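# An overview of the molecular structure
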Amino acid sequence: MDMTPTTTPSGRGSMIEVGGVSKSFGATRALVGVDMSVPAGTVQGLLGPNGAGKTTLVRILATLLAPDSGRARISGVDVQDDPNTVRSLIGLAGQYAAVDEALTGRENLVMVGQLYRLGTKLAKSRADESLERLGLVEAADRPVKTYSGGMRRRLDLGASLVGRPRVLILDEPTTGLDPRTRLDMWAFIRDLVEEGTTVLLTTQYLEEADQLADHIVVIDRGKVIASGTSGELKSRLGSDLIEVEVGAADLERTTAALSDVGCGKPTVDADRSRITIPVCEPVPDLMAALRTLDKAGITPSDLGLRRPSLDDVFLALTGRATGEDVPATPRRTPQTAGSPS
Amino acid sequence: MTTVSTGTTSRATPPGPATIEPVRLPPSAFFVDAVVIAKRNLIRIARTPQLLVFATIQPIMFVLLFRYVFGGAIHVPGMTYVDYLIPGIIVQTVVFGATSTAVGLSQDMTNGIVDRFRSLPMSRSAVLAGRTIADLLRNVFVVLLMIVVGTGVGFRFHNGFGPAVAAVFIALLLGYSLSWVFALIGLSVADPESAQLAGFLPIFPLVFASSVFTSIQTMPGWLQAFAKVQPITRAANTVRALTEGGPVATNLAWTIVWSVAILAVFGPLAVRRYRRG
């Protein structure tokens, strides 16, 4: 099913346009007919598990990889026809900090500035600016090999900002970072968007997409399986959820007992022995659940009402939790993951 | 297929797509970018002294081994063995030194910085040119060091200053052209360890089945036939003639032909491999 597209006149105002992009590596189909359009000054979240095709799409947009078919444009410029113009418009920061370990932070940034042919003077002042902004002034003249993981990631982001990109492509910018550093990264990204930068952000973290993205595309096995704002995606699961946790022995019995409660099919997470039921009228439904459980003589170890998270959306769309990798054998596409119009 | 788009947000006046000027690389881009990359690689070399130490200890070991262990048993016509050996060592040094291009490029590929370079509006071939130029300058350093070490164990120039400079130049020319072979290897293998191995495998038979350490006259006929024409023998003979005297023209011409041919074939192949990603 498709989210109702709020109108962006095609082309105009859209900084990233992807149309029918496919890419295979041997027998592996990394991307299958992906379409996407990102309006200027917004954050597009690209959400999917490992191996979903996120990085392949990023590499195509960053001119590192040619698609087998389809078109990709940055600010109206085709990535294959005019890669150098595209390169001058984008900044790329990735999961693996692409900085030189032997150089200092400052040397790395000045080098990138010189490769944009800013001239040494401007390259230096841009480097200072980036270092200041990313809180790396003190470490600026130390070799990068002495940096922590978070500092390297910040420097990598700094390097992608030296050319003042209009479009920032961030491939899992916070994967592997501690929560504190992740919050810092989020703050930087928000600031950049405030200034008018358009951001494409890939992530495995639903929370990250939820926090940063104006609009989210969920991809799985190379296909777009859903898109919309985080609110729209969540609303597809009903407004609220009842979550019941019981002993593993009671799981089946409890699921059966609660089958009439709520307004949707319960999701059972056997690993955590947890049952999640979408509800339409939260309080009456919760009370009904309590009565049912009481009558059946089941005492849950935990019971509560909560707003759905994007994790629930993902689970419902793909039949897998976000942490799981794509299984080798293709599974049936769940009903909710409609391939729309 | 899904076409997705979002509504407008409250953020003000993001730059629209209407104002894009096409970016064309100026002709100077190649030179500017190559210098920036070369400088970066030279900083790397200077800051990882263990690599330089490894690159210099190995030829020094060869000098000591052949000068004092095998040297007494090797007889070469017309000159002392140490005067025969050091010109050979100079060629061996630049050839082994050229393999570091493969390792360095492979490291850059593995750690992601090549992706950074590829995503910048810079000259594609400058990344390879900058790398090979830095490796050439390192070779200059190592060759000068080998001359110092050689002099320490008894080597002398017997043919004057000009030809001696020409000898160093011709060795470096061969080393530089081979750097492009190793650039292609470095871009084609999966990791730096494979690059190291893939670099040394072809080099070993070329260096040992040559006139680097001994006269090829004592080799069996089939090996002699190979040893005689291959570039490392040609270069060793040229360097030897230039430093010690003797007929130089044929070997010099062949060394230049080999170097230019290797550069003409492997330069474009390496650049094409780099572009393809």
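Here the structure is a predicted model, which is why all the values come from computation and not from measurement.

## Topic: the overall build of chain B
The helix and strand tally for chain B stands at 11 helices and zero strands. Each principal axis of the C-alpha distribution contributes one length, and for chain B these read about 85 × 35 × 35 Å. Looking at chain B as a whole, 47% of its 277 residues qualify as buried. At a minimum sequence separation of 6, the contacts of chain B that also span at least 24 residues come to 83%.

## Remarks on the domain arrangement of chain A
Domain annotation of chain A identifies domain 1 (14–233) and domain 2 (238–307). Of note, the centres of domain 1 of chain A and domain 2 of chain A, computed from C-alpha atoms alone, are 41 Å apart.

## Points about the sheet that holds strand 4 (residues 69–74) of chain A
All names here are of chain A. Sheet architecture is open: four strands sit in the order 2-1-4-5, paired in antiparallel fashion. Only two strands of the sheet have a single neighbouring strand rather than two, namely strand 2 (28–39) and strand 5 (77–78). Taken together, the five bridges between strand 1 (residues 14–25) and strand 4 define a ladder with antiparallel strand orientation. For Val18, the partnering residue across the bridge sits in strand 4 and is Ala72. Across the sheet, helix 1 (residues 54–61) lies against strand 1, strand 2 and strand 4, angled at about 120° from strand 1, the strand it touches most.

## Some words on the pairing of strand 3 (residues 43–47) of chain A
Residues and elements named next belong to chain A. Burial runs high along strand 3: five of the five residues are buried. The alternating pattern of strand 3 places Val43, Gly45 and Leu47 on one face and Gln44 and Leu46 on the opposite face, and all of these are buried. Note that strand 3 and strand 8 (residues 198–203) share five bridges and pair parallel. Bridge pairing in strand 8 places Gly45 opposite Leu201. With four bridges joining them, strand 3 and strand 9 (residues 215–220) adopt parallel strand pairing. When the bridges of strand 9 are listed, Gln44 appears paired with His215.

## Description of the packing of helix 2 (residues 49–70) of chain B against helix 6 (residues 124–152) of chain B
Residue and element names in this part refer to chain B. Between helix 2 and helix 6, whose axes approach to 10 Å, the crossing angle comes to 30°. Taken together, helix 2 and helix 6 sit at an angle that is classed as roughly parallel. In this structure, helix 2 meets helix 6 at a crossing whose hand is right-handed. Residue-level contacts link Ala55, Thr56, Pro59, Ile60 and Val63 of helix 2 to Val142, Leu145, Met146, Val149 and Gly150 of helix 6. Here the contact of helix 2 with helix 6 is built from residues that sort into eight nonpolar, two polar and no charged.

## Quick word on unusual backbone geometry
Phi at Ser75 of chain A is positive, roughly 50°, even though this residue is not glycine. Tracing the backbone through its elements, the reader meets Ser75 of chain A in the loop between strand 4 and strand 5.

## Description of helix 10 (residues 231–244) of chain B
Residue and element names in this part refer to chain B. The end-to-end C-alpha separation of helix 10 is 20 Å, in line with the 20 Å expected for 14 residues at 1.5 Å each. Burial analysis of helix 10 places 14 of its 14 residues in the buried class, which makes it a mostly covered element. Phi for Gly245, located one or two positions after helix 10, is positive at around 95°.

## Side note on the environment of Pro26 of chain B
Mapped onto the secondary structure, Pro26 of chain B falls in the segment before helix 1 (29–47). Between the alpha carbons of Pro26 of chain B and Ser123 of chain B there is a distance of 9.4 Å; along the sequence they are 97 residues apart.

## Describing the environment of Asp100 of chain A
Relative to the elements of secondary structure, Asp100 of chain A occurs in the loop between strand 6 (90–93) and helix 3 (105–115). The spatial distance from the C-alpha of Asp100 of chain A to the C-alpha of Arg253 of chain A is 58 Å, given a sequence separation of 153 residues. Once residues within four sequence positions are removed from consideration, Asp100 of chain A is found in contact with Asn108 and Val144 of chain A together with Arg40 and Ile113 of chain B.

## Side note on the sheet that holds strand 10 (residues 223–228) of chain A
Residues and elements named next belong to chain A. Spatial ordering of the open sheet is given by 6-7-8-3-9-10, a layout of six strands whose pairing is mixed. Sheet topology places strand 6 and strand 10 at the edges, where each strand pairs with a single neighbour. Ignoring strand direction, the axes of neighbouring strands in this sheet form an average angle of 15°. Judged from the four bridges that link them, strand 6 and strand 7 (residues 167–171) form a sheet pairing that is parallel. Paired with Gly91 across the strands is Leu168, a residue of strand 7. Packing against the sheet, helix 5 (residues 149–161) makes contact with strand 6 and strand 7, and its axis sits at approximately 170° to strand 6.

## Some thoughts on the confidence of the model for chain B
Residue and element names in this part refer to chain B. Here chain B averages 90 in pLDDT, while 93% of its residues score no lower than 70. Every residue in residues 1–12 is under pLDDT 50, and counting partners more than four places away or in other chains gives 37 contacts. With a pTM of 0.81, the predicted complex shows an ipTM of 0.85.

## Points about helix 6 (residues 179–194) of chain A
All names here are of chain A. Between its first and last C-alpha atoms helix 6 spans 23 Å; for 16 residues at 1.5 Å apiece the expected length is 22 Å, and the two agree. Buried residues of helix 6: Arg182, Met185, Ile189, Leu192 and Val193, and no others. Mapping the buried residues of helix 6 onto a view down its axis gives an arc of 100°, with all of them on the same face. The exposed residues of helix 6 that point more than 90 degrees off its buried face are Arg180, Leu183, Ala187, Asp191 and Glu194. On its buried face, helix 6 is in contact with strand 3, strand 7, strand 8 and helix 7 (206–212). Just beyond helix 6, the residue with positive phi is Gly196, at close to 105°.

## Structural notes on the environment of Arg131 of chain B
Residues and elements named next belong to chain B. By secondary structure assignment, the location of Arg131 is in helix 6. Judged by the 26 C-beta atoms lying within 10 Å of it, Arg131 falls in the buried class. Distance in space between the C-alpha atoms of Arg131 and Val35 is 9.5 Å, their sequence separation being 96 residues. Among residues more than four places away in sequence, those in contact with Arg131 are Ile37, Asn41, Thr101, Gly104, Leu105 and Ala183.

Cut-off values and rules
Residues numbered from 1 in each chain as written. Chains lettered and ligands numbered in written order. Predicted model: local features only at pLDDT ≥ 70, side-chain atom pairs only at ≥ 80, totals over all residues. Helix = DSSP H or I, 4+ residues; strand = E, 2+ residues; numbered from the N terminus. Buried ≥ 20, exposed ≤ 12 C-beta atoms within 10 Å, placed from the backbone. Contact = placed C-beta atoms within 7 Å. Domains from an automatic or database assignment. Pairing = 2+ DSSP bridges. Axes fitted to C-alpha atoms, helices over the stretch in contact; angles between N-to-C directions. Parallel < 35°, antiparallel > 145°, perpendicular 65-115°, else oblique. Left-handed = near helix turned anticlockwise from the far one by under 90°. Nonpolar A, V, L, I, M, F, W, Y, C, P; charged D, E, K, R; others polar. Expected span 1.5 Å × (residues − 1). pLDDT = per-residue confidence, 0-100. Arc of directions from axis to C-beta.

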